[in-house]
Amino acid sequence: MSAYCRFKRSLALWGALFLLLSLGVAFVSARTSEEADLLFENGVVYTVDADDSTAEVLAVRDGRIVFVGSSKDGRQYRGAGTEVVDLEGGLMLPGFFDTHIHAPGIAMGELFDFTLGGVYEPDRVEKKIRDYVNAHPDQEAYFGFGYETNAFDGEESGKGPRKERLDAICPDKPMQILAGDGHSMWLNSKALEAAGVTAATPAPHGGIIEKDEKNGAPWGILKDMAMTLARKPSFGTEKMTAALKEYQKMLNSYGCTSVLSVPMFGGIFDVPWEALHRMDVDGELTVKVKGAVIFDSTSDLAEKKKEIVEIAAKYDGNYLRLTTAKFFADGVVNTRTAYVLEPYADLPQSRGVAMWEQGKLNEAFAKVNEWGLQAHIHAIGDAAVRSALDACEYANAHAPKGDRRNTITHLQMIDPTDIPRFAKLGVVASTQPYWHFKAPGYWEPEEYAAIGARAEREYPSKSLRDAGARLAFSSDSPVTPYPNPLVAIQVGVTRNLVEASLFDLPGIADIDDPEYLLDPAERLPVREMIRGFTANGAYAAFSEREAGTLEVGKAADLIVLDRNILEADPLQIEKTKVLQTYVDGKLVYGEKRGKRSSTGCGVYPPGLLVSGIILSLALSRLITRP
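Summarised in this report is the structure supplied together with it.

### Observations regarding the pattern of salt bridges
- Taken as a whole and assessed by the stated rule, the structure comprises 42 salt bridges.
- Linked by salt bridges that have partners in common, Arg 386, Asp 390, Glu 393, Asp 415, Asp 418 and Arg 421 make up one network.

Encoded structure:
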């Protein structure tokens, strides 16, 4: 073979190698640019976007949504490394937002010495407390949680249980028990003594010290702001972290991917910033947390600003951030401390308790908005709701212009003339649909007894929606012990009995069964209920650019349900199971159900593949030619 032929052959070989390598690079480039990490198909993808659209396929790459659309168009995202999840006819939704919880929720019971939730017989209440004291005789003090305010009869049904019940169990050491609703505390005589509460002690503004009407002695119950007189329980970070880990497992199992965590009344149970921060730094948070600091009528605004600056700087992390200032406008109906426009039906001399003087509340709202926080205010009674709206209106007029998203939560009673003000003022309505029916054993003896016929019209939802208000839903966990949004969605759609087994009842077969039905005119469609737990929740939490809808570019915070609740019997929604929960594309709940794609070159452009074959044949002929 001549030198020229050898040179020609060598050149052809190197050229072939170069072209084939280039072709390989092109193959890899094409594959990398399209292939998804996760591909969900064979179900309904409800995006909850502005068009209320559904899709067939959703693709995720690097924790972000890269495609939402048809099965045909989604094929290009399937590659050899793609994990394909068969939705099996189920429904995919954005991850749920709970816009009002108290972390660590029901796991608080693990932090206190004992918990009394769900115990309604006085003898059983006392036995549970006594058993704990007898088993732990060396403790210097006792802190309990969760007594039911409607577990006692007679005078105790209004004032709360007497201190003498606790004195008979523990006469020589302080004992304090926080009610399940967080608005009253039961103390024995030693705890009252330690708090400095006597017959002569005046109640702080916004609080009630219940007293014996015969002799003026403390009854044993502190309500609302009066609870700040008592000693605060203290929990170690390690214990709190363990409780939070259990709590977030429960939240993830219910499809929750984001929450707003707020302090309980009087700061008795603050946001556990340090424990949440440690989990965030260690990559152990599987729920995105926005947090709040608490303001009450005694707060020094200058000191509060310092506290806000410190918390915001120290705990601004990946999944944890301070966004909110928490206020209380009033108490609750069952303790007759909700602030109402008309007197209580069974306590005609009282309209409840206003926690703030209006001028101070107005100024506090304006200040927190000026500092870049949203105001989030508890308001149960119609007078409290009006006061909160007045404060929002003042802040809109006096704080620097900005994106406030001030929020009023609970909204048990709203005067009809105030409903249009929500949309007009841009106020978010954060309600708890879990409570929007006539709860057996509670609605009639507690709510109807307190406010009479007004209880028939409580918790307006559709009226708010129809007036243009943005509804964001929440649980107020642990007041709602098991914060499953699917349960709340069913209640919002039916306004009727749910989780009947918890009440030892057989359940209902007719959505209009009248016994537990609460104002059916306030029902909302299932899509509106889903929106309140997703898109609107994200908006309320300043997260709508990142999550809340299933759209390209957003975080892959999403859930897979075992059935399509858009078409399900409304009375069956509560039976729906969350199969999988993803946060930033990472599976945080459920079993891994996806399989690697068997289509190794499914995303290679056909034209490129054909060109490669033709080039290879041409080069082969060149190489073998003499």
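### Side note on the sheet that holds strand β25 (residues 595–596)
- Reading across from one edge, β5-β4-β1-β6-β25 is the order of the five strands in this open sheet, with mixed pairing throughout. The sheet terminates laterally at β5 (64–69) and β25, the two strands that pair on one side only.
- In this structure, strand β4 (residues 57–61) lies alongside β5, joined through five bridges in antiparallel fashion. When the bridges of β5 are listed, Val 60 appears paired with Ile 65.

### A closer look at the packing of aromatic side chains
- This structure, assessed with the given rule, holds 18 aromatic pairs.
- Here the aromatic rings of Phe 152 and Trp 186 are separated by 5.7 Å at their centres, their planes lie at 75°, and the arrangement is edge-to-face. Of this pair, Phe 152 sits in the loop between β10 (142–147) and α5 (156–159) while Trp 186 sits in strand β12 (residues 184–187), and the two are 34 residues apart along the sequence. For the residue pair Phe 152 and Trp 186, the accessibility class agrees, reading buried in each case.
- Relative to Phe 365, the ring of Phe 327 lies with its centre 4.8 Å away and its plane at 50°, an arrangement referred to as tilted. Pair noted here: Phe 327 is in strand β17 (residues 320–328) and Phe 365 is in helix α11 (residues 358–370), with a separation of 38 residues, a long-range link. The burial state of Phe 327 is the same as that of Phe 365; both residues are buried.
- An aromatic cluster is present here, built from Phe 96, Tyr 434, Phe 473 and Phe 533 joined pairwise through their rings.
- Taking NZ or CZ as reference, Lys 159 lies 5.4 Å from the ring centre of Trp 219, over its face.

### Topic: the side chain of Arg 531
- As for its placement among the helices and strands, Arg 531 is situated in helix α17 (residues 526–533).
- When its relative accessible area of 18% is taken as the criterion, Arg 531 is described as buried.
- Within the structure, the side chain of Arg 531 is placed 3.3 Å from the backbone oxygen of Val 48, a separation counted as a polar contact.
- Every residue in contact with Arg 531, bar those within four places of it in the chain, is listed here: Tyr 46, Val 48, Asp 49, Asp 52, Asn 536 and Gly 537.

Conventions and cut-offs
Residues numbered from 1 in each chain as written. Predicted model: local features only at pLDDT ≥ 70, side-chain atom pairs only at ≥ 80, totals over all residues. Heavy atoms only, no water. Salt bridge = Lys/Arg side-chain N within 4 Å of Asp/Glu carboxyl O. Pairing = 2+ DSSP bridges. Helix = DSSP H or I, 4+ residues; strand = E, 2+ residues; numbered from the N terminus. Phe/Tyr/Trp six-rings, centres within 6.5 Å; stacked < 30°, edge-to-face > 60°. Buried < 20%, exposed > 50% of the residue type's maximum accessible area, 1.4 Å probe, protein only. Lys NZ or Arg CZ within 6 Å of the ring centre and 35° of its normal. Polar contact = N/O pair within 3.5 Å; in protein donor to acceptor, adjacent residues only side chain to side chain. Contact = heavy atoms within 4.5 Å.

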